[in-house]
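Understanding the architecture of this molecule
Chain by chain, the residues run as shown.
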Amino acid sequence: MILLRLLILLISIILSSLSWQSPAQSQYEGKALDAYFNNAINVNPFAEFHVTQEDALLSDVQQLSQWQTHTEFTTIAENSVLWVRFNIANNATVNRMLTLIAGSAFIDRVDVFLLDEQGRIIQSARSEDEQSSATNLSRKSFKMHFVSRSESTFTIYVRIQDDAQTLLPLELWQTEAYSQEASVRLILLGAMSGGLSLLATYFLLTYVLQNAPARFWFFLLATGAMTTMLNAEGILPSLFFLPSMTAELTSLSLVLTLFASIKITRLIFDPIPSWWVGTNYVLLALPLLGVFVLSDFNQLVALMAFSIFFFTSKIIATVVYHKAIDLRSAAIYFIGWIFLGLVGIFEFLSFLNRDDYLSYTALYPFAFTCIGVMLIGVAIISREQSIHAKRIFSQGEQIEQLQHYNDLFQHAAEGLYTALPNGDLIQVNPAICALFGYKNGDDLLSNKPNIADFLSNTKGADLLLGELIIQKTVLGKEMKGKRVDGSEFWFSISCQLKKVNGENLHFGSLFDITQRRLHQVNLQYLNTHDQLTGLFNRRHFLQMMNERIQSRENTKKFALIFLDVDQFKVINDTCGHSAGDVFIKELSHELFAVVSERYAFARLSADQFGLIVDFEDSNELRILANSLLAKVRKFEFKWDRHIFNQSVSIGIASCDDSIPSGEELLSYADTACLIAKESGRDKIQIYSPEMGMHSHYKRDLFWVNEVNKAIKDESFALFYQHYRPLNKSDELQYYEILVRLRTKDNDLVTPEFFMPSAEKALISNKIDKQVVEAYFKWLQANPEHEAKLGKANINLSGLCLSDDDFQYFLLNAFEKYSIAYQKICFEITETMAIIRMNDAVEFMTKFKRLGCTFALDDFGSGFSSYSYLKDLPVDFVKIDGHFIRNILHDPIDLAMVSSIKDVAVAMNIQTVAKSVETPEIMVQIGKMGVNFAQGYCIAKPEPLTSYTDFSEPQHT
């Protein structure tokens, strides 16, 4: 009788709900859209609509005529999009902060462009860029905040992309009012989510404790109900950057909810006819099929109708099969499904009536969902109590679990042991026996060993046991052990002290980490040494000088001898970089024969070396420098049929109390060396203060003048160099855009000569602008090429990262030349990315949202690379060419490239190997899993004006 009355009440509520009406149309319809209005306004009456082809650009749309007026339901054909435009006028003398709400949570994509009175794009956004927040918890999939400036008029273009019939509400809010209204909805949604989360967590935990299947399925029911509401509101798709999948995610989460409800019904009403369960499973396939067949709009209408039908079937099933259980559980279960049925009716009517944003009826679905799910959970508990379903583990089950534990203990891959608090071993597994070289556990335990017996240093055991007694747990402690044959190795040990049956026992596990420790030692060596020559590297060399300068404790005077190879470029240009590397390696050996281990000797750059020399008299420095010059003069380098007799220029700078750092001392020695080169090379020059402005200043002044003239005359020449994927077949074109400065003598100069001076003069961003403008213009003039283009890499200097004007320039350049964002990859050097970390992250994040990708150039030049890589949102790392050129012969370079590749794979970043000069190197890096190769083996740089597609036969 109670169930019948509740059913009658449900029918009356449904009938009364059918009389609901949509909220009244906005009172502003037909009036001009002014920036001053109360709270919110419906934009549709003020807007014009036009359907165009999907590839239509904003500039094309602006020229269209025959725009339509107010519409609510719009059908968008395949490969078409809907454009909406309207004006906002602010005739007042103050600015207003406004928020545009466009589309619904089920629209596939929304793009918005804000144009000023001159038709320039001053702000743009798209729905994929939206983040979930307290002010975006709504049925709308997109919002954009903007400032309506005083005494100005803006035009807004909205591009809507959807797959069928589309419900298109457009609303303009005062930002403050929008935030307040959204907060109310946030509270309601937070209360619902919190309540369902607590229910789901409680039932999941009790399921783990009691092993009650109904509780697990209720956990899925509560989780599914919560995610269904969050998906329908567009929150979860926004959080996971899947706004176009809102309808599909809502459908799938609702199907999960219904599937869990079938399981719960079967368990509560056990036994229940198998045909009923089978029918429900078959019917459940219908909404799943709709996900793949129907459009978003029709899919959701059908899904809500099916949900109401499904909820009704649950209520009927409760009435029919309630005799199988006690009346209390059946009544609670029945009422729970009534509340969930009402939720379906509310949502269905709200959707058909097209309720406005932040509907006043939102309280009912939220509250009824929580109440309905909670009552179903109470029915499950009531059912368990009514049948006294208490899980009691029998002695046989305990034995089975003990056997399972023993199997895990005996067959574990890592060494496991049990010991007394003082370290005496009482139980070990086979893995630990094999690790220490024993045949079996009896062999190891025969002499009643202690943990200290297996360590190379017994003091380490005392520290371990002392730490264990104090902290009760020790995790990942690395120690050196010794095997039964006396050999030593490294292992990691984790252990804890637990009380078992009133007795404290020491449980632990350990595994061999010898290879990892060796790798760490190698990394420490690589952190301070040059990989090619084995000498100290620049970073460590500067650190050594700084330590000596700062300590001032050593009374001995010291000086820096700076060596620069004369005309090293001749070897590289004649025989290639591989020959250059061999030359530098052999030359370093010759120099080390003179220096030996008396002085700190380092390779400072590709063809530069440095020495820290203690001296009493300056003649000692000249004698040593002359010995180095003589050694180089005698050195003869042979490569194929070529013989080279090179020389070096040497600069010497003494350190005194006025020099603040090693960098300063190095610059003095470098200046002296440059003067030695300008004096005819193969000479020695000692630094004096009069040299301070001689070379660097004149060189920078020359190149700044050349760059300014090239910017004015637009005489930069663009080159390109192909790079190719290694592990897949790809017909698309990949290349890097390179810039050359054309001098008055018509020579083409590479960036390493003029770019450092341009960066010092803060004009490097002007070069980047001309490169982008010239390449985009060329790409627009060659439209057939863009379809074949996979990725074009453009280098950016560090100054561009913090230049707001350059960012505006880029945004307008993409729109002006109709360039697809995803075709462009910007390259930023590792050094600049680290120096300007915050600017780099902000710049990358902004343009990645639009579709651009980013590459970190010259990666691996410093061992701080890994620590910074995880903070940079890059898509590619370009491995420094120093590691690639000698990879076939140097195991250290091989290990470095492998390490970089492994880190990149773990972070889902693709790798590009630079300086790939031979087919053998290309094959090797391909086997290692590097994604792309770039270098002379692939293609040489060529002028962009004579561009040709990459051809495999030609380049292999």
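So, here is what we can say about the structure in this document. (Residues numbered from 1 in each chain as written. Predicted model: local features only at pLDDT ≥ 70, side-chain atom pairs only at ≥ 80, totals over all residues. Heavy atoms only, no water.)

The strand order across the open sheet formed by five strands is β2-β4-β9-β6-β7, and the pairing between neighbours is antiparallel. The outermost strands of the open sheet, each flanked by one partner alone, are β2 (48-53) and β7 (121-126). Along the sheet, successive strands turn relative to each other by an average axial angle of 20°, direction set aside. As paired elements, strand β6 (residues 109-115) and β7 share five bridges and run antiparallel to each other. Considered in β7, the bridge of Val112 is made with Ala125. (Pairing = 2+ DSSP bridges. Helix = DSSP H or I, 4+ residues; strand = E, 2+ residues; numbered from the N terminus. Axes fitted to C-alpha atoms, helices over the stretch in contact; angles between N-to-C directions.)

Spatially, β18-β19-β17-β22-β23 is the arrangement adopted by the five strands of the open sheet, whose pairing is mixed. A single partner strand is all that each edge strand has here, and the edge strands are β18 (600-605) and β23 (684-686). On average, adjacent strands in this sheet sit at an angle of 20° to one another, irrespective of strand direction. As paired elements, strand β17 (residues 557-565) and strand β22 (residues 648-654) share seven bridges and run antiparallel to each other. Counterpart to Leu560 in the pairing with β22 is Ala653. Relative to the sheet, helix α16 (residues 538-551) contacts β17, β18 and β19 (608-615), its axis offset from that of β19 by approximately 25°. (Contact = heavy atoms within 4.5 Å.)

Pairing analysis gives three bridges linking strand β12 (residues 415-419) to strand β13 (residues 425-428), with the strands arranged antiparallel. Each residue of the ladder has a partner; that of Ala419, found in β13, is Leu425. Hairpin connection of β12 to β13: five residues between the antiparallel strands, including Gly423 at a positive phi of 100°.

This next bit is on unusual backbone geometry. Positive phi values are uncommon outside glycine, yet Gln66 reaches one of about 60°. Judged by its relative accessible area of 72%, Gln66 is exposed. The backbone of Asp640 sits at a positive phi, close to 55°, despite the residue not being glycine. Assignment of secondary structure puts Asp640 in the loop between β20 (637-639) and β21 (642-644). (Buried < 20%, exposed > 50% of the residue type's maximum accessible area, 1.4 Å probe, protein only.)

This next bit is on the pattern of salt bridges. Oppositely charged side chains are able to pair whenever their charged atoms sit close together. Per the counting criterion, the structure on display carries 23 salt bridges. Between Asp111 and Arg109 there is a salt bridge; the shortest N-O distance is 2.8 Å. The buried category is assigned to Asp111, whose relative accessible area is 5%. Relative accessible area serves as the criterion here: at 22%, Arg109 is assigned to the partly exposed category. Here Lys631 makes a salt bridge to Glu590, at a shortest N to O gap of 3.7 Å. Taken as a pair, Lys631 in helix α19 (residues 618-634) and Glu590 in helix α18 (residues 577-595) lie far apart in primary sequence, 41 residues in all. Taking the relative accessible area as the measure of exposure, Lys631 reaches 27% and is therefore partly exposed. If you follow the salt bridges from partner to partner, you end up with Arg109, Asp111, Arg126 and Arg159 in one network. (Salt bridge = Lys/Arg side-chain N within 4 Å of Asp/Glu carboxyl O.)

There is a patch of nonpolar side chains on the surface, built from Ile371, Met374 and Val378 and spanning about 210 Å² of accessible area. Tracing the chain through its elements places Met374 in helix α10 (residues 363-386). (Patch = residues over 30% accessible without salt bridge, like charges linked within 9 Å, V, L, I, M, F, W, Y side chains within 5 Å. Areas by Shrake-Rupley, 256 points an atom, 1.4 Å probe, with all protein chains shown as cover.)

Let's shift gears to the nonpolar core. Core analysis: the largest hydrophobic core is formed by 81 residues, its most contacted members being Phe754, Tyr775 and Phe776. Ignoring sequence-local partners within four residues, the contact set of Phe776 consists of Ile794, Ala813, Phe814, Tyr817, Ile819 and Ile824. Counting residues in hydrophobic clusters, the runner-up holds 43 residues, among them Leu221, Ala222, Met229 and Leu284. (Core = buried A, V, L, I, M, F, W, Y, C linked by side-chain atoms within 4.5 Å.)

Here we take up the environment of Lys823. Mapped onto the elements of the fold, Lys823 is located in the loop between α26 (804-816) and β28 (824-829). Taking relative accessible area as the criterion, Lys823 reaches 16% and is therefore assigned buried. Taking the C-alpha atoms as reference points, Lys823 and Asn793, 30 residues apart in sequence, are found 8.8 Å from one another.

A few words on the packing of α16 against helix α20 (residues 662-678). Two measures define how a pair of helices packs: the angle their axes make with one another and the distance between the axes. With their axes 8 Å apart at the nearest point, α16 and α20 run at an angle of 110° to one another. With respect to α20, the element α16 is oriented roughly perpendicular. Residues Arg538, Leu542, Met545, Asn546 and Ile549 of α16 form the contact with α20, whose participating residues are Gly662, Glu663, Leu665 and Leu666. (Parallel < 35°, antiparallel > 145°, perpendicular 65-115°, else oblique.)

We now examine helix α32 (residues 919-928). Buried within α32 we find Ile921, Ile925, Gly926 and Met928. For α32, the angular spread of the buried residues around the axis is 160°, confining them to a single face. Buried-residue contacts for α32 involve α30 (881-884), α31 (891-906), β31 (910-913) and β32 (932-934). Once α32 finishes, Gly929 follows within two positions and takes phi at roughly 100°, a positive value. (Arc of directions from axis to C-beta.)

What follows is about the packing of aromatic side chains. We describe a pair of aromatic rings using the distance from one ring centre to the other and the angle between the two ring planes. Taken as a whole, this structure holds 40 aromatic pairs when the rule is applied. Ring geometry for Trp83 and Phe113: centres 6.3 Å apart, planes at 20°, overall stacked. One end of the pair, Trp83, is in strand β4 (residues 80-90); the other, Phe113, is in strand β6, with 30 residues separating them in the sequence. Each member of the pair Trp83 and Phe113 is classed as buried. The rings of Tyr720, Tyr735, Tyr775, Phe776, Trp778, Phe814, Tyr821 and Tyr947 are connected pair by pair, giving a single aromatic cluster. Of note, Arg483 hangs over the ring of Phe489, and the distance from its end group to the ring centre comes to 4.2 Å. Cation over ring: Arg740 sits above Phe719, and NZ or CZ is 5.3 Å from the ring centre. (Phe/Tyr/Trp six-rings, centres within 6.5 Å; stacked < 30°, edge-to-face > 60°. Lys NZ or Arg CZ within 6 Å of the ring centre and 35° of its normal.)

Another point: the pairing of β31. Bridging between strand β30 (residues 876-879) and β31 involves four bridges; their strand directions are parallel. Looking at β31, one finds that Val877 is bridged to Thr911. Relative to β32, β31 is paired through two bridges, and the arrangement is parallel. Directly across from Val912, in β32, lies its bridge partner Phe932. For the crossover from β31 across α32 to β32, the handedness is right-handed. (Right-handed = clockwise from strand over helix to strand, strands pointing away.)

In this section: the side chain of Glu827. Mapped onto the elements, Glu827 comes out in strand β28. A polar atom in the side chain of Glu827 sits 2.7 Å from the side chain of Lys878. (Polar contact = N/O pair within 3.5 Å; in protein donor to acceptor, adjacent residues only side chain to side chain.)

With 14 residues, α16 should reach 20 Å at 1.5 Å per residue; the first-to-last C-alpha distance of 20 Å fits that figure. Within α16, the full set of buried residues consists of His540, Phe541, Leu542, Met544, Met545, Asn546 and Ile549. (Expected span 1.5 Å × (residues − 1).)

Right, let's get into empty space enclosed by the protein. Leftover empty space is mapped by rolling, across the atoms, a probe with the size of a water molecule. Per the stated rule, a full pass over the model turns up four cavities of 30 Å³ or more. As a volume, the largest cavity reaches approximately 100 Å³. Residue lining of the largest cavity: Tyr417, Leu425, Ile432, Phe436, Leu444, Ile451, Phe454, Leu455, Phe491, Ile493 and Leu510, and that is the complete set. For the lining of the largest cavity, the secondary structure elements donating two or more residues are α12 (430-436) and β15 (488-500). Across the lining of the largest cavity, the residue classes break down as eleven nonpolar, no polar and no charged. (1 Å grid on protein atoms, 1.4 Å probe; cavity = no way out; pocket = protein on both sides within 12 Å on 5 of 7 lines; lining within 4 Å. Points joined across faces, edges and corners; volume = space filled by probe spheres on them. Nonpolar A, V, L, I, M, F, W, Y, C, P; charged D, E, K, R; others polar.)

Bringing the environment of Lys143 into the picture now. For Lys143, the location among the structural elements is in strand β8 (residues 142-148). On the basis of relative accessible area, Lys143 is assigned to the buried category, the value being 9%. Taking the C-alpha atoms as reference points, Lys143 and Ser127, separated by 16 residues in sequence, lie 7.8 Å from one another.

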